[in-house]
Amino acid sequence: MKRPSFLKRFAIVLLALLMALSLLLTGCSAEEVDLAIDIADAVLDMALEEGDTPPPQTDKTPESSQAPPVEPTPPVEVPVETPAETPVTEETPAAPPAEETAPEETIPDEDGRYTSPEDVAAYIHHYGKLPKNFISKNKAKVYMEKETGVTFKDVAGQDEAKESLQEIIGFLHDPSKYTEIGAKLPKGALLVGSPGTGKTLLAKAVAGEADVPFFSISGSDFVEMFVGMGASRVRDLFQQAAKVAPCIIFIDEIDAVGRSRDNRYGGNSEQEQTLNQLLAEIDGFDSTKGIVCLAATNRPEILDKALLRPGRFDRRIVVDNPNFQGRLDTLKVHTRKIKLAEDVDLRKIAQATAGCVGADLANLVNEAALRAVRMGRKMVNQEDLMASIDTVVAGAEKKNTVLTETEKRLVAYHEVGHALVSTLEKGSMPVSKITIVPHTEGALGYTMYLPEEEKYLSTKDELLSQLRGVLGGRAAEQVVFGVQTNGASNDIQKATSLARHMVSLYGMSDELGLMATASIHNQ
């Protein structure tokens, strides 16, 4: 009888140790490693306690041995007080075994969920295997209406995206208005845009506007080293959503699980199984029940084509960089709680931040508030906002960097070369600021341009003028000093990129003509 129990204990301990070792070697999260180690320790302690102390075996034998002695008790009925005492003595030893066997009886069934290491260790000790729902538990966070604290009033500069999402929310609120003419609820909407444009913020605003449950999960939460666990999480998520429909499911960074399966970008079987399950689940649920799947990505070119077809993600919402009015509205949103001085002109700030996204503008306002505190002021003025533009664009000033007189003259003539060429060229943007103070982003100086108006089209002459202005710094070095320095490295990169686009994308080459030798994949 000892040999089988020893083998069973050895197998259980080996199982727990192998599970912890596999988690350590395959590069999983720190929480899963700590949990596996705790489970292994708990299983090992249980096995050692069972091997060192024989009570569990001796407790069962007294119960079987006490059964025969119970028969001789009837003759001892002559004293009246002893039978009353004997049940007391028989009940007291019977109580401890009942308490010892209680944890085994309260072990959940095989379909139960296990989160604490003690419960998992007890399951392994009892059944000799891992629980089914231990690894495959769902990590989705459920946000209700008032928990996100974000509404469409907090999102500015994305009117088209808000209009598309507002229509989905309206369908969830009043589906009869749309079903009267035969319209169907879109099954899914894909938010596409550059980093920082506000895709996740839009999804949180949907949660704040819709009075339905909002499931939020990242695409990386589906990825798991255990085969089949990602697909199980997908099934679990949509099962939860079906129980509380109508609801909204938001998958952030869906490219982590929705990568193309053509092996051009690489892949693995676990990721493909998870993607197949996601495709099946989106096809499987009925749109009339009010389940909408939202997803966000900044790499749409690597997504699988089956994921992008109509019927799964019916609507593709582009979250683009904001224009002048969008930047102005975004600055108004981020300065609501900021104490601004009377000289603050947000229109000039919006005009000087062409190309910035919502995250850049939020960082700009925060940097201005921090600078005002450093200067000992209680309100943010225009100077703080303009200085924060320099911090966001070129980094903080490096006050301890000491340049030689020759380097100072080189940097000064270099920056003046940019400004002089840009001023003499027709159609170029006016110069706003010139500085030769070194900054942390590696620039010893820079020239800032302030566009008079926001333009979406540029002629060939305007691009050539811009190209000459970019190379004006190197030209000034050669004309004045007769040398070439590495300070023009960034200018050369910009000029090369602009010239390449003119030839390969815009068809502005006289030799190649109207020929596109490149393409843009992320649009």
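Each value, and the rule that gives it
Residues numbered from 1 in each chain as written. Predicted model: local features only at pLDDT ≥ 70, side-chain atom pairs only at ≥ 80, totals over all residues. Heavy atoms only, no water. Axes fitted to C-alpha atoms, helices over the stretch in contact; angles between N-to-C directions. Helix = DSSP H or I, 4+ residues; strand = E, 2+ residues; numbered from the N terminus. Parallel < 35°, antiparallel > 145°, perpendicular 65-115°, else oblique. Left-handed = near helix turned anticlockwise from the far one by under 90°. Contact = heavy atoms within 4.5 Å. Nonpolar A, V, L, I, M, F, W, Y, C, P; charged D, E, K, R; others polar. Polar contact = N/O pair within 3.5 Å; in protein donor to acceptor, adjacent residues only side chain to side chain. Core = buried A, V, L, I, M, F, W, Y, C linked by side-chain atoms within 4.5 Å. Buried < 20%, exposed > 50% of the residue type's maximum accessible area, 1.4 Å probe, protein only. Pairing = 2+ DSSP bridges. Phe/Tyr/Trp six-rings, centres within 6.5 Å; stacked < 30°, edge-to-face > 60°.

Examining the packing of helix H6 (residues 159-173) against helix H8 (residues 199-209)
Here H6 crosses H8 at 30°, and the two axes come no closer than 11 Å. Put simply, H6 runs roughly parallel to H8. Handedness of the H6/H8 crossing: right-handed. Across from Ala161, Lys162, Leu165, Ile169 and His173 in H6, the residues of H8 making contact are Leu202, Val206 and Glu209. For the contact of H6 with H8, the per-class residue count stands at 5 nonpolar, 1 polar and 2 charged.

Points about the side chain of Arg371
Tracing the chain through its elements places Arg371 in helix H14 (residues 358-374). Within the structure, the side chain of Arg371 is placed 2.5 Å from the side chain of Asp384, a separation counted as a polar contact.

Details of the nonpolar core
If you look at the biggest cluster of nonpolar residues, it comprises 28 residues, and the most contacted ones within it are Phe152, Leu165, Leu202, Val206, Ile248 and Leu294. Those elements giving two or more residues to this core turn out to be H6, strand E2 (188-192), H8, strand E4 (247-252) and strand E5 (291-297). Looking at this core, the element that brings in the most residues is H6, giving 6 residues. Once residues lying within four places of it in the same chain are set aside, the contact partners of Leu165 are Phe152, Leu191, Leu202, Val206, Leu294 and Ile317. The next biggest cluster of nonpolar side chains, apart from the first, holds 24 residues, and it includes Leu190, Phe222, Ile251 and Leu303.

Considering the pairing of strand E3 (residues 214-218)
Consecutive side chains of a regular strand alternate in pointing toward one face of the sheet and then the other. The buried fraction of E3 is high, at 4 of 5 residues. As judged from the 5 bridges shared by E3 and E4, these two strands associate in the parallel manner. From the neighbouring strand, Ser218 faces E4, where its bridge partner is Asp252.

Some details on the packing of aromatic side chains
Within the structure shown, the criterion is met by 3 aromatic pairs. Between Tyr413 and Phe481, the ring centres sit 5.4 Å apart and the planes meet at 85°, which makes this aromatic pair edge-to-face. With Tyr413 in helix H16 (residues 405-424) and Phe481 in helix H18 (residues 472-481), this pair connects stretches of sequence that are 68 residues apart. A relative accessible area of 24% places Phe481 in the partly exposed class.

Quick notes on the packing of H16 against helix H17 (residues 460-470)
Helix packing for two helices is described by the angle between their axes and how far apart those axes are. For the pair H16 and H17, interaxial distance at closest approach is 8 Å and the crossing angle is 155°. The orientation of H16 relative to H17 falls into the category roughly antiparallel. Note that H16 runs across H17; the crossing there is right-handed. Two secondary-structure elements touch here, H16 through His418, Val421 and Ser422 and H17 through Arg468, Gly469 and Val470. Tallied by class, residues from the contact of H16 with H17 come to 2 nonpolar, 3 polar and 1 charged.

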